[in-house]
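In case you want the letters, here they are:
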Amino acid sequence: MTTKPLLEVEHLRIDLAIGDARFAAVQDVSFTIMRGETLGLVGESGCGKSITALSLIGLLRPPLNLSGGAVRFDGQEIQNLPADEMRKLRGNRIAMIFQEPMTALNPLSTVGRQIAEMFVLHKGKSWAEAERLAIEALVSVRVPAPERRVKDYPHQLSGGMRQRVMIAIALACDPDLLLADEPTTALDVTVQAEILDLIKDLCAARGTAVLMISHDLGLIANMCQRVGVMYAGRIVEERAAEEIFQAPRHPYTNGLIASLPLLGARARHGRQRLKEIAGVVPPVAAFPQGCRFHPRCYAASETCRAVDPVETHLPQGGFVRCHHHV
């Protein structure tokens with residue numbers, strides 16, 4: 001990896017319009033990703049992870065709007081690129097694996113044609129050459145009988161096979177950056193492991209950087225070098241993966257990790273109820289004053305209820321956004 005980030009996101013803000021009102025769904029989010037690095041973005045549903053990824057490649061739609069901050073890719077600011085220039089970048093140098101392949105894939109087009117489109121649009125290949133490359137792409141993601149599968153429609157494939165097709169589409173043009181949004185949602189654990197190993201192997205072989213989005217801490221620990229923990233539209237802690245799982249500094253991070261079941265714990269201690277974080281993520285229109293996590297936090301004080309915490313940069317690297325970080 002070089003010392004210059006491939007992706008730099010600074011003070012990102014995404015607004016949600018409700019009538020005449022505007023609310024910050026994502027606010028003051030900053031992070032970088034180096035070439036060949038995998039950064040994990042973790043948090044409960046509704047924390048702003050997916051819309052952050054969509055905003056990077058210009059896929060937000062009303063009532064959401066990218067209203068502030070800077071996004072630099074390979075040194076170029078891309079947040080205000082014209083639509084035609086963004087289309088050239090999206091799918092070519094920056095690609096995305098979406099949450100649900102059954103809705104992301106076109107049900108009226110064969111999977112082979114959907115892969116071949118990438119080579120035609122971004123690489124200028126003829127359709128005949130693109131269809132040959134589509135078969136090779138299915139081979140690379142370990143789809144059996146690829147010559148036959150290219151003629152199948154999405155509904156003819158299992159969930160795991162559809163996800164492999166999504167990966168083939170995303171990696172068809174050898175992107176520099178892959179945005180993987182919950183890439184194993186709704187898959188059983190065996191297929192999950194296969195898909196994650198596939199993404200890891202392919203990205204390592206190609207030197208692709210990855211933004212891995214998930215609520216699954218086990219997946220993040222297995223895939224990522226660094227982790228950002230997101231809550232209510234903000235990154236509240238970002239550190240090296242090993243450090244954040246061994247010694248979390250933010251109460252929210254600590255609560256997420258404490259809620260994980262421990263292998264063998266039931267056998268040693270009998271049936272135990274998993275720990276949980278009280279309450280739910282607040283809706284965008286009702287983010288509380290002060291620290292957004294304070295209504296659910298065991299360490300909350302009057303300062304937390306009144307004053308919004310700023311980032312505290314840690315000596316070993318990374319930061320935490322908390323008045324009472326440990």
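For the structure itself, consult the block above.
The following paragraphs examine the structure supplied in this document. Owing to the predicted nature of the structure, the values given are computational and were not obtained by experimental measurement.

## Details of the overall build of the protein
Of regular secondary structure, the protein possesses 13 helices and 12 strands. Projected onto the principal axes, the alpha-carbon positions of the protein cover approximately 65 × 55 × 40 Å. The long-range fraction of contacts in the protein, counting pairs at least 24 apart against all pairs at least 6 apart in sequence, stands at 65%. A total accessible area of about 15500 Å² is found for the protein, and carbon and sulfur atoms account for 54% of it.

## Quick look at the state of the cysteines
Within the structure shown, the criterion is met by zero disulfides. No disulfide involves Cys 203; its sulfur sits 11 Å from that of Cys 224, the nearest cysteine. Judged by its relative accessible area of 6%, Cys 203 is buried. Unpaired in terms of disulfides, Cys 297 finds its nearest cysteine sulfur in Cys 322, a separation of 6.1 Å.

## Some points on the packing of aromatic side chains
According to the stated counting rule, one finds three aromatic pairs in the structure shown. The interplanar angle of 55 degrees and the centroid separation of 4.7 Å between the aromatic rings of Tyr 231 and Tyr 252 together place this pair among those described as tilted. With Tyr 231 in strand β9 (residues 226-231) and Tyr 252 in helix α11 (residues 251-258), this residue pair connects regions lying 21 residues apart in the sequence. Under the relative-accessibility criterion, Tyr 231 is labelled buried at 2%. Owing to a relative accessible area of 0%, Tyr 252 belongs among the buried residues under this scheme. Among the aromatic side chains, those forming a connected cluster through ring pairs are Tyr 231, Tyr 252 and Phe 293. Its end group placed over the ring of Trp 127, Arg 113 keeps NZ or CZ at 4.0 Å from the ring centre.

## A word on the packing of helix α7 (residues 159-171) against helix α8 (residues 189-206)
Running from amino to carboxyl end, α7 crosses α8 at an angle of 15 degrees, the nearest separation of the two axes being 10 Å. By the angle between their axes, α7 is roughly parallel relative to α8. Regarding α7 and α8, the two cross each other, and that crossing is right-handed. Contacts between α7 and α8 involve Gly 160, Gln 163, Arg 164, Ile 167 and Leu 171 on the former and, on the latter, Val 191, Glu 194, Ile 195, Leu 198, Ile 199, Leu 202 and Arg 206.

## Description of the side chain of Thr 52
As for its position among the elements, Thr 52 is in helix α1 (residues 49-56). For Thr 52, a relative accessible area of 0% translates into the label buried. In this structure Thr 52 touches Leu 12, Ile 14, Val 26, Phe 31 and Met 230, once residues within four positions along its chain are discounted.

## Quick word on α11
The element α11 is largely enclosed, with a buried count of six among its eight residues. Residues of α11 that are buried include every one of Pro 251, Tyr 252, Thr 253, Gly 255, Leu 256 and Ile 257, and no others. In this structure, the buried side of α11 is in contact with α9 (217-223), β9, β10 (234-240) and α10 (241-246).

## A few points about the sheet that holds strand β4 (residues 64-73)
One open sheet holds the four strands; their spatial order is β2-β1-β4-β5, and the pairing between them is antiparallel. Taken across any chain shown, the strands that pair with only one partner, and hence form the sheet edges, are β2 (21-33) and β5 (76-77). Where strand β1 (residues 7-18) meets β2, nine bridges bridge the pair, whose relative direction is antiparallel. Note that in β2 the partner of Leu 12 across the bridge is Val 29.

## What about the environment of Leu 178?
With respect to the helices and strands, Leu 178 occurs in strand β7 (residues 177-181). When the C-alpha atoms of Leu 178 and Ile 97 are compared, they prove to be 7.5 Å apart, with 81 residues separating the residues in sequence. If we ignore the near neighbours within four places in the chain, the residues touching Leu 178 are Ala 95, Met 96, Ile 97, Ala 170, Leu 171, Ile 199, Cys 203, Thr 208, Ala 209, Val 210 and Leu 211.

## So, the packing of helix α4 (residues 111-123) against helix α5 (residues 127-140)
Helix-helix packing: each pair is described by the crossing angle between the helix axes and the interaxial distance. Running from amino to carboxyl end, α4 crosses α5 at an angle of 115 degrees, the nearest separation of the two axes being 8 Å. Crossing of α4 over α5 shows right-handed handedness. Taking contact as the criterion, the partners of Gly 112, Arg 113, Ile 115, Ala 116, Glu 117, Phe 119 and Val 120 in α4 are, on α5, Trp 127, Ala 130, Glu 131, Leu 133, Ala 134, Ala 137 and Leu 138. Broken down by class, the residue content of the contact of α4 with α5 amounts to 10 nonpolar, one polar and three charged.

## Focus: the sheet that holds strand β11 (residues 312-313)
Spatial ordering of the open sheet is given by β6-β7-β8-β3-β9-β10-β12-β11, a layout of eight strands whose pairing is mixed. The sheet terminates laterally at β6 (94-97) and β11, the two strands that pair on one side only. Where β6 meets β7, four bridges bridge the pair, whose relative direction is parallel. By the bridge assignment for β7, Ile 94 is matched with Leu 177.

Cut-offs and rules
Residues numbered from 1 in each chain as written. Predicted model: local features only at pLDDT ≥ 70, side-chain atom pairs only at ≥ 80, totals over all residues. Heavy atoms only, no water. Helix = DSSP H or I, 4+ residues; strand = E, 2+ residues; numbered from the N terminus. Contact = heavy atoms within 4.5 Å. Areas by Shrake-Rupley, 256 points an atom, 1.4 Å probe, with all protein chains shown as cover. Disulfide = S-S within 2.5 Å. Buried < 20%, exposed > 50% of the residue type's maximum accessible area, 1.4 Å probe, protein only. Phe/Tyr/Trp six-rings, centres within 6.5 Å; stacked < 30°, edge-to-face > 60°. Lys NZ or Arg CZ within 6 Å of the ring centre and 35° of its normal. Axes fitted to C-alpha atoms, helices over the stretch in contact; angles between N-to-C directions. Parallel < 35°, antiparallel > 145°, perpendicular 65-115°, else oblique. Left-handed = near helix turned anticlockwise from the far one by under 90°. Pairing = 2+ DSSP bridges. Nonpolar A, V, L, I, M, F, W, Y, C, P; charged D, E, K, R; others polar.

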